[in-house]
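The lines below spell out each chain.
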Amino acid sequence: MTLWLKRWQTTLSARDLPCDIWLLMAAMALAALGWVMVSSASIGLLDSSFYYVRQHGIFLFLAILATLAVVSLPLEAWRQNAGLLMLATLFLLGLVLFIGQEINGSKRWIALPGPFPSIQVSEFGKLGLVLYMAAFMSRFTYELRRRALSVWRPLVVLALPVGLLLAAPDFGGAVVYSIAVIGMLVMAGASMFLLLLIGLLLGGGAVLLVVIEPYRLARWTSFLDPWADQFATGYQLTQALIAFGRGHVTGTGLGNSVQKLHYLPEAHTDFIFAVLAEELGMIGAISLVLLFTLLIIRALLIARRAEIAGHLFGAYVSYGLSFIIAAQAFINMAVSSGLLPTKGLTLPLISYGGSSLLVTGIMVGLLLRPDVEPRRQPRRKPTPYKARREPRLS
């Protein structure tokens, strides 16, 4: 029995492979499933039924190229340029407030020519923020663990992009940014008391932001009872819940969703999880959750191994990206199922969107890099033990 368990442990560990195959397989499965679901959810949205299918395929191809390019770059190159990437993040988040396209009352996109009609700046900003925070925490790990008040420095830096996101306004993006940085601080060993206090303050600030903005308050009240105003503020959530109800256990079948036919808004982006649950049922929804769970667990294991080996920058990068993917996936699925108020966040690797797919591809490459680098180093052969002969006493 013990020998059988050891064999399975060796097989599942992927120790002798070029990279963590389980993380790669989970990402590939999610990307393939996302292309299938975008193809199904976008049917009938335009005169050309294959427009979104073709566009998503282009985005997916570019995301794969980005993953391969990032895996080939050493982490040291990212660490040395983390400050420049953070400055570029702040510049773009400020620029979008002036020249950005306003969609649904929020300025998040900058128009570009070419295959990308527009880019969502907040998606690329996640990379700059995580890389900068990882570089900072890997350099000042001792201060964060021994001096409780040193936590104010990364929090001040966090306040800059969060403030710009709230000015857009992009409340969901600000929440994801905050979760990632606070999670990284926890893993870096910062004071839990201060982080809990800061969490309470941020929670109070979030409640205040909801109360002072009528549209946010309407979203919150519709989330609590969407059927009270099901044709106005609660329309999206009620249609999503109808999709979940129609799916049952096994689903209506791929391509047989009714809610995507102009009943459920943003069926191929923000609410694609509801379409998946309708067509693939509870089995498909649980399978999707398990794939995300596998991806996040393997990413956290890579981060932990890098931390034990002393590669702190790679460890904190992996922690931060894991928290971003986990937070965004949880919020999107919770919104679609009625557990959280409506937020405009895509489901990583599943929803339609070039910026989201490209950035997630870069994230997968950055997650794989701390695992690939140690595997490429030549392993030392164990030196055989030679018994030393003791001199004879004459």
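Residues numbered from 1 in each chain as written. Predicted model: local features only at pLDDT ≥ 70, side-chain atom pairs only at ≥ 80, totals over all residues. Heavy atoms only, no water.

Strand order in this open sheet of 3 strands is E1-E2-E3, and the pairing throughout is antiparallel. A single partner strand is all that each edge strand has here, and the edge strands are strand E1 (101-103) and strand E3 (118-120). Recorded for the sheet is a direction-independent mean angle of 45° between the axes of neighbouring strands. Sheet topology places E1 next to strand E2 (residues 106-111); 3 bridges connect them, and they run antiparallel. Each residue of the ladder has a partner; that of Ile103, found in E2, is Ser106. (Pairing = 2+ DSSP bridges. Helix = DSSP H or I, 4+ residues; strand = E, 2+ residues; numbered from the N terminus. Axes fitted to C-alpha atoms, helices over the stretch in contact; angles between N-to-C directions.)

Let us look at helix H6 (residues 121-139). Between its first and last C-alpha atoms H6 spans 27 Å; for 19 residues at 1.5 Å apiece the expected length is 27 Å, and the two agree. With 16 of 19 residues buried, H6 is to be regarded as a mostly interior element. (Expected span 1.5 Å × (residues − 1). Buried < 20%, exposed > 50% of the residue type's maximum accessible area, 1.4 Å probe, protein only.)

What follows is about empty space enclosed by the protein. Over the atoms, a rolling probe the size of a water molecule traces out where space has been left empty. For the coordinates displayed, the defined rule picks out 2 cavities of 30 Å³ or more. For the largest cavity, the calculated volume is near 60 Å³. Every residue lining the largest cavity is listed: Leu93, Val96, Lys107, Arg108, Val121, Ser122, Leu164, Leu165, Ala168 and Asp170. Looking at the lining of the largest cavity, the elements with two or more residues in it are helix H5 (82-99), E2, H6 and helix H8 (152-167). Of the residues assigned to the lining of the largest cavity, the class counts are 6 nonpolar, 1 polar and 3 charged. What the second largest cavity holds in volume is close to 50 Å³. For the second largest cavity, the full set of lining residues is Glu123, Lys126, Ile324, Ile325, Gln328, Pro348, Ser356, Val359, Thr360 and Met363. For the lining of the second largest cavity, the elements supplying multiple residues, two or more each, are H6, helix H14 (312-336) and helix H15 (354-376). Looking at the lining of the second largest cavity element by element, the count peaks at 4 residues for H15. Residue classes in the lining of the second largest cavity are distributed as 5 nonpolar, 3 polar and 2 charged. (1 Å grid on protein atoms, 1.4 Å probe; cavity = no way out; pocket = protein on both sides within 12 Å on 5 of 7 lines; lining within 4 Å. Points joined across faces, edges and corners; volume = space filled by probe spheres on them. Nonpolar A, V, L, I, M, F, W, Y, C, P; charged D, E, K, R; others polar.)

Applying the stated criterion across every chain yields a total of 8 salt bridges. Glu123 is the partner of Lys126 in a salt bridge, and the nearest nitrogen-oxygen pair spans 3.1 Å. Taken together, the residues span about one helical turn, with Lys126 and Glu123 both in helix H6 at a distance of 3 residues. Look at Glu123 and you get buried, because its relative accessible area is 5%. For Arg145, the salt bridge is made with Glu307, and the minimal N-O distance between the two is 3.5 Å. Here Arg145, found in helix H7 (residues 141-146), pairs with Glu307, found in helix H13 (residues 272-308); they are 162 residues apart in sequence, far enough to count as distant. (Salt bridge = Lys/Arg side-chain N within 4 Å of Asp/Glu carboxyl O.)

Moving on to a nonpolar patch on the surface. Taken together, the side chains of Val249, Met282, Ile283, Ile286 and Leu290 define a hydrophobic patch exposed on the protein surface, amounting to about 470 Å² of accessible area. Positionally, Val249 belongs in the loop between helix H12 (235-247) and H13. Owing to a relative accessible area of 43%, Val249 belongs among the partly exposed residues under this scheme. (Patch = residues over 30% accessible without salt bridge, like charges linked within 9 Å, V, L, I, M, F, W, Y side chains within 5 Å. Areas by Shrake-Rupley, 256 points an atom, 1.4 Å probe, with all protein chains shown as cover.)

Before going further, it helps to spend a moment on helix H9 (residues 171-188). Taking 1.5 Å as the rise per residue, H9 with 18 residues should run 26 Å; its terminal C-alpha atoms sit 26 Å apart, in good agreement. Here H9 lies mainly inside the structure; 14 of its 18 residues are buried. Remark: Gly189 follows H9 within two positions and exhibits a positive phi of approximately 90°.

The next subject is the nonpolar core. Counting 100 residues, the largest nonpolar core has Met137, Leu185, Leu288, Phe292, Leu347 and Leu366 as its most contacted members. Counting residues per element, this core draws most heavily on H13, at 14 residues. Each residue touching Phe292, except ones within four places of it in the same chain, is listed here: Leu30, Ile325, Ala329, Met333, Leu347, Pro348 and Ile350. (Core = buried A, V, L, I, M, F, W, Y, C linked by side-chain atoms within 4.5 Å. Contact = heavy atoms within 4.5 Å.)

On to the packing of H6 against H14. Between H6 and H14, the shortest axis-to-axis distance is 8 Å and the interhelical angle comes to 145°. Here the hand of the crossing between H6 and H14 comes out right-handed. Here H6 contributes Glu123, Lys126, Leu127, Val130, Leu131, Ala134, Ala135, Met137 and Ser138 to the contact with H14, which in turn contributes Leu312, Phe313, Tyr316, Val317, Gly320, Leu321, Ile324 and Gln328. For the contact of H6 with H14, the per-class residue count stands at 12 nonpolar, 3 polar and 2 charged. (Left-handed = near helix turned anticlockwise from the far one by under 90°.)

A separate point is the environment of Pro169. Summarising the element assignment, Pro169 is placed in the loop between H8 and H9. Residue classification places Pro169 among the buried residues on the basis of a relative accessible area of 18%. Residues Pro169 and Gly105, 64 residues apart in the sequence, show an inter-C-alpha distance of 7.9 Å.

Keep in mind these numbers describe shape, not what the thing actually does.
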